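Geometric and topological summary
Chain by chain, the residues run as shown.
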Amino acid sequence: MRNAARNRALGCVVAALAAVLTGAVSFAVTEGHAAPQLKDVVFAPHRAVYELSLDSTRSGSSVTGVNGRIVYELSGNACEGYAQSMRFVTQTVNQDGNLQTTDLRTSSWEEVPAKRLRFSTSTYQNEIQAEQTQGVARRTAATGTATVDLVRPSTRQVKLAGDVYFPIQHSMAIIRAARAGQTILAADLFDGSESGDKIFSTSTAIGRESKGPIVSLAKGTNLDQVPSWPISVSYFPTTPEPGDTLPLYEMSYRFHDNGVTSSLRINHGDFAIRGELKELKYFEASPCKAPTP
């Protein structure tokens, strides 16, 4: 079950961070309706396909080969919220030559600002469903503690203590920090992964803004001309065991100003996976509803 838990947690984070997630959105309230201000950066709804391969292994690693694909889609708008869906399929070969296929499927909807998060995750091992998580996280404000009502794996209620970030909100904070020239961002993240009650402690390192040819694909999208930042996010348990100092895993990628992620690398410690952006298609954002008269 170690590989299943690893892929499950990883996939939910990929759904949150390898997505079309952009800038720091602030809101002006007009007649009871939250509308983005003119200088706000909103998400560019799109479909992105990443091909996965084994990037490196450490001595003694049981993994000798990895291939797979991530297909990610985002839709919605900056007035009501954004929906995300992802399918993350990997085939892993161990030292004995045994092949394991893991199929992770996630979907979520996050209100903007981050007062509500609906999430659903299903994990299949060799075409047999292994685990499923489904629930809704709510709070009265866009910051602070939240309550999670879980439906799966069991019906129960969970309290999330502290100032917890939801996935899109976390990505907004990363862009906000990058644009301000900050190099480090620390945040506690809840994305509904694992058993639906886990909080990750994250530390994000942000590099210098870049322009120019970075990815060779996505012709016609002008992605190479979009400013971007190299990002590295380390994920830690919020309740580490004594002596635990290493992250559960690390994700590094190039975060473009329009929200697209490229040059993805996921480091599990004993092995690392590389994700290459192969397809990118933009969609029209759904229109914001008119303010209530």
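Relevant structure appears above.
What follows is about the overall build of the protein. Along the protein, the regular secondary structure elements total two helices and 17 strands. Per-residue burial for the protein yields a buried fraction of 47% across its 293 residues. Of the contacts made within the protein by residues no fewer than 6 positions apart, 55% connect residues no fewer than 24 positions apart. Split by element, the accessible area of the protein, about 13800 Å² in all, is 49% carbon and sulfur.

Another point: unusual backbone geometry. Note the cis peptide between valine 112 and proline 113, where omega equals 0°. Considering the arrangement of structural elements, one finds proline 113 in the loop between β6 (99–111) and β7 (116–125). Put simply, arginine 152 and proline 153 share a cis peptide bond, and its omega is 10°. Inspection of the secondary structure puts proline 153 in the loop between β9 (146–152) and β10 (156–160). In this structure, asparagine 126 takes a positive phi of about 50° despite not being glycine.

With that out of the way, let us pick up the nonpolar core. Residues Ile70, Tyr82, Ile231, Tyr235 and Tyr253 are the most contacted members of the largest nonpolar core, which totals 42 residues. By residue number, the principal contributor to this core is helix α2 (residues 167–179), which donates seven residues. One finds Ala114, Val148, Phe190 and Ile199 within the second-largest nonpolar core, a separate group that totals 13 residues.

Looking along a regular strand, one sees the side chains alternate between the two faces of the sheet. Residue alternation in strand β13 (residues 200–206) divides its side chains into a buried set, Phe200, Thr202, Thr204 and Ile206, and an unburied set, Ser201, Ser203 and Ala205. Note that strand β12 (residues 184–189) and β13 share six bridges and pair antiparallel. Pairing of leucine 189 across the sheet is with phenylalanine 200, part of β13. Taken together, the seven bridges between β13 and strand β14 (residues 228–237) define a ladder with antiparallel strand orientation. Note on β14: the bridge partner recorded for threonine 204 is valine 233.

Within a pair of aromatic rings, the relevant descriptors are the distance that separates the centres and the angle that separates the planes. Applying the stated rule across the entire model yields five aromatic pairs. An aromatic cluster of three or more residues is present, and its members are Phe200, Tyr235 and Tyr249. If you follow arginine 139 out to its NZ or CZ, it ends over the ring of phenylalanine 166, 4.2 Å from the centre.

As for its placement among the helices and strands, serine 107 is situated in strand β6. Between the C-alpha atom of serine 107 and that of alanine 83, which follows or precedes it by 24 residues, the distance is 7.4 Å. Sequence-distant contacts of serine 107, that is, excluding residues within four places in its chain, are made with Gln84, Ser85, Arg118, Phe119 and Ser120.

To continue, consider the environment of phenylalanine 190. Along the chain, the position of phenylalanine 190 falls in the loop between β12 and β13. Take phenylalanine 190: its relative accessible area is 0%, and that puts it in the buried class. The spacing of phenylalanine 190 and phenylalanine 200 is 10 residues in sequence and 6.5 Å in space, taken between C-alpha atoms. Residues contacting phenylalanine 190, with those up to four places away along its chain left out, are Leu117, Phe119, Ala137, Val148, Leu160, Val164, Tyr165, Phe166, Pro167, Gly196, Asp197 and Lys198.

What counts, and at which threshold
Residue numbering note: each chain is counted from 1, following its sequence as written. Reporting in this predicted model follows two pLDDT cut-offs: at least 70 for local features of residues, and 80 or more for side-chain atom pairs to be given and counted; totals over whole chains, interfaces and linings ignore these cut-offs and use all residues. Water and hydrogen atoms were dropped before computing side-chain values, which therefore reflect all heavy atoms in the structure. Counting from the N terminus, the helices are the DSSP runs of H or I reaching at least four residues and the strands are the DSSP runs of E reaching at least two. Categorising residues by exposure relies on relative accessible area from a 1.4 Å probe, with only protein chains included: less than 20% of the type maximum marks a residue as buried, more than 50% marks it as exposed, and the intermediate range marks it as partly exposed. Whether two residues touch is decided by their heavy atoms; if any such pair falls within 4.5 Å, the residues are in contact. Each accessible area value is a Shrake-Rupley result obtained with a 1.4 Å probe; residue values ignore everything except the protein chains displayed when judging cover. We define a nonpolar core as any set of buried Ala, Val, Leu, Ile, Met, Phe, Trp, Tyr and Cys residues linked to one another through side-chain atoms lying within 4.5 Å. Any two strands are treated as partners once DSSP identifies two or more bridges connecting them. Under the pairing criterion, centres of Phe, Tyr and Trp rings, with the six-membered ring standing for Trp, must be within 6.5 Å; the plane angle then separates stacked pairs below 30 degrees from edge-to-face pairs above 60, leaving the rest tilted. The rule for a charge over a ring is simple: NZ of Lys or CZ of Arg within 6 Å of the ring centre, and within 35 degrees of the ring normal.

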